[in-house]
Amino acid sequence: MTTERIYAKLLPIIQNYLPEDVSPDEVDPDKDLTRELNINSAHLVDVVLDVEDAFDIEFANDDMESLRTVNDAIKIIQKKLNQDA
Amino acid sequence: MTKKFQYILDQLPYKAPFRFIDHLTHVDEEGASGTFTFSETLDFYQGHFVNHPVTPGVILTECMAQIGVVCLGLFLAASEKLSDTATVALSETNIVFHKAVFPGEKVFVASEKVYFRFGKLKCKVRMKNTKEEVVCQGTISGMLIQPDL
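What you are looking at is a predicted structure, and each value in this text was computed from that prediction instead of being measured. (Residues numbered from 1 in each chain as written. Chains lettered and ligands numbered in written order. Predicted model: local features only at pLDDT ≥ 70, side-chain atom pairs only at ≥ 80, totals over all residues.)

A.B. asks: Even after reading the chapter, I still don't get the overall build of chain A, so can you show me in this structure?
C.D. replies: Per the secondary structure count, chain A includes 4 helices and 0 strands. Secondary structure of chain A in N-to-C order comes out as α-α-α-α. Taken against the 2.2 N^0.38 rule, which gives 12 Å for 85 residues, the C-alpha radius of gyration of chain A at 12 Å falls within 12% of a compact globule. Counting only C-alpha atoms and orienting by the principal axes, one finds that chain A spans roughly 40 × 25 × 20 Å. A buried classification covers 21% of the 85 residues belonging to chain A. Long-range pairs, those at least 24 residues apart, make up 54% of the contacts in chain A between residues at least 6 apart in sequence. (Helix = DSSP H or I, 4+ residues; strand = E, 2+ residues; numbered from the N terminus. Rg over C-alpha atoms; globule rule 2.2 N^0.38 Å. Buried ≥ 20, exposed ≤ 12 C-beta atoms within 10 Å, placed from the backbone. Contact = placed C-beta atoms within 7 Å.)

A.B. asks: Just checking my understanding: could you explain the overall build of chain B for this structure?
C.D. replies: The number of helices and strands found in chain B is 2 helices and 6 strands. Overall, chain B shows an N-to-C arrangement of helices and strands of α-β-β-α-β-β-β-β. Taken against the 2.2 N^0.38 rule, which gives 15 Å for 149 residues, the C-alpha radius of gyration of chain B at 15 Å falls within 12% of a compact globule. A principal-axis box enclosing the C-alpha atoms of chain B has dimensions of 50 × 30 × 25 Å. Across chain B, the fraction of contacts at a sequence separation of at least 24, relative to all contacts at a separation of at least 6, is 65%.

A.B. asks: Just to check I follow, could you spell out the interface of chain B and chain A for this structure?
C.D. replies: Much of the literature gives interface size as the accessible area that the parts lose upon coming together. Across the contact, 7 residues belong to chain B and 7 residues belong to chain A. Here the side of chain B that touches chain A is composed, by residue class, of 2 nonpolar, 2 polar and 3 charged. (Nonpolar A, V, L, I, M, F, W, Y, C, P; charged D, E, K, R; others polar.)

A.B. asks: How do you make sense of unusual backbone geometry when you look at a structure like this?
C.D. replies: Note on backbone geometry: most residues besides glycine have negative phi, and most peptide bonds are trans. Going from B:Ala16 to B:Pro17, the amide bond is cis rather than trans, its omega being 10°. Within the element layout of this structure, B:Pro17 appears in the loop between α1 (6–11) and β1 (23–28). Of note in this structure, A:Asp56 is not a glycine but carries a positive phi near 55°. With respect to the secondary-structure elements, A:Asp56 resides in the loop between α2 (41–55) and α3 (61–66). The phi dihedral of B:Asn51 falls on the positive side, at around 60°, and the residue is not glycine. Residue class for B:Asn51 comes out exposed when judged on the 4 C-beta atoms lying within 10 Å of it.

A.B. asks: When you look at the pairing of strand β4 (residues 106–117) of chain B in this model, what are you seeing that I'm missing?
C.D. replies: Both faces of the sheet carry side chains from a regular strand, because those side chains alternate between them. Residues and elements named next belong to chain B. As paired elements, strand β2 (residues 31–37) and β4 share 5 bridges and run antiparallel to each other. In the strand pairing of β4, Thr35 is matched with Phe108. As paired strands, β4 and strand β5 (residues 120–128) are joined by 9 bridges and run antiparallel to one another. By the bridge assignment, Ala110 is partnered in β5 with Arg126. Two successive antiparallel strands, β4 and β5, enclose a turn made up of 2 residues, where Phe118 displays a positive phi of approximately 50°. (Pairing = 2+ DSSP bridges.)

A.B. asks: Please explain the environment of B:Ala100 as it appears in this structure.
C.D. replies: Among the secondary structure elements, B:Ala100 is positioned in the loop between β3 (87–97) and β4. On the basis of neighbour counts, which here come to 12 C-beta atoms within 10 Å, the residue B:Ala100 falls in the exposed class.

A.B. asks: Even after reading the chapter, I still don't get the nonpolar core, so can you show me in this structure?
C.D. replies: What tends to happen in soluble globular proteins is that the nonpolar side chains get buried as a cluster. Residue and element names in this part refer to chain B. In terms of nonpolar packing, the biggest core is built from 53 residues, with Cys63, Met64, Val69, Cys71, Leu72, Phe75 and Val109 touching the most fellow members. With 13 residues, helix α2 (residues 57–79) is the largest single contributor of residues to this core. Once residues lying within four places of it in the same chain are set aside, the contact partners of Met64 are Val109, Val125, Met127 and Ile140. (Core = buried A, V, L, I, M, F, W, Y, C linked by C-beta atoms within 7 Å.)

A.B. asks: Explain the sheet that holds β1(B) to me, please; I cannot follow it from the model alone.
C.D. replies: Backbone hydrogen bonds hold the strands of a sheet together, and the pairing may be parallel or antiparallel. Across the sheet, 6 strands lie side by side as β1-β2-β4-β5-β6-β3 (chain B); this open sheet has antiparallel pairing. Each edge of the open sheet is held by one strand with a lone partner, namely β1 and β3 of chain B. When the angles between neighbouring strand axes are averaged without regard to direction, this sheet yields 20°. As paired strands, β3(B) and strand β6 (residues 134–145) of chain B are joined by 10 bridges and run antiparallel to one another. Within β6(B), the position partnered with B:Ala89 by the bridge is B:Met143. Seen against the sheet, α2(A) touches β3, β4, β5 and β6 of chain B and runs at an angle of roughly 95° to β6(B). Sitting on the sheet, α2(B) touches β1, β2, β3, β4, β5 and β6 of chain B, and the angle it makes with β5(B) is about 130°. (Axes fitted to C-alpha atoms, helices over the stretch in contact; angles between N-to-C directions.)

A.B. asks: What's the story with the confidence of the model for chain B in this structure? I'm lost.
C.D. replies: When pLDDT is averaged along chain B, the result is 93; 95% of the residues meet or exceed 70. Quick note on the complex model: pTM equals 0.91, ipTM equals 0.88. (pLDDT = per-residue confidence, 0-100.)

So this is what it looks like as structure tokens:
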């Protein structure tokens, strides 16, 4: 799957968990999910669970620890999809 | 039965007047149950409401969270050997209230795990009164915090 297609599928999942004071337009690949987009650690877990369902992959604890930005998420998803292929 | 879970009660970071659990009746991987009796002498009844004491919804929510989520979280942390100093921070609640709880009433709380992943414990929790009526129910989530890691 291309990076663009992953991002297109990932974007609405992230937007769903943004706090009310963060506009959906603020999401871009370089943004830090917790520090810049203000998603709390509990909702970050929900983002990951929704990503697992949407892409049919499974995150490990290590993946969770390396997840900081939207780009990190895309890289992890890409890696998981390639492992399965 | 209660003694088996004493280690969980001993780990709870609460005490009166903010401990809303008397007995932990059951805990396993899938959920926790316990009871609490709201003493007529609890301080908040003097103000909620004037001349008409009713247990505040936030206190019922706290009672459900302490029994259903925190006790279960401590059990899961212990069984996964994560930490014996773990605690649980409330992250979100969605509760519907059906009945009032008056001073002196005993309540029964039971939770059912929805998931426990990456430190987040999400539970369905229900509180019943002695008439077996549902007092309130909904979902509560908490994050397991491990200060020594």
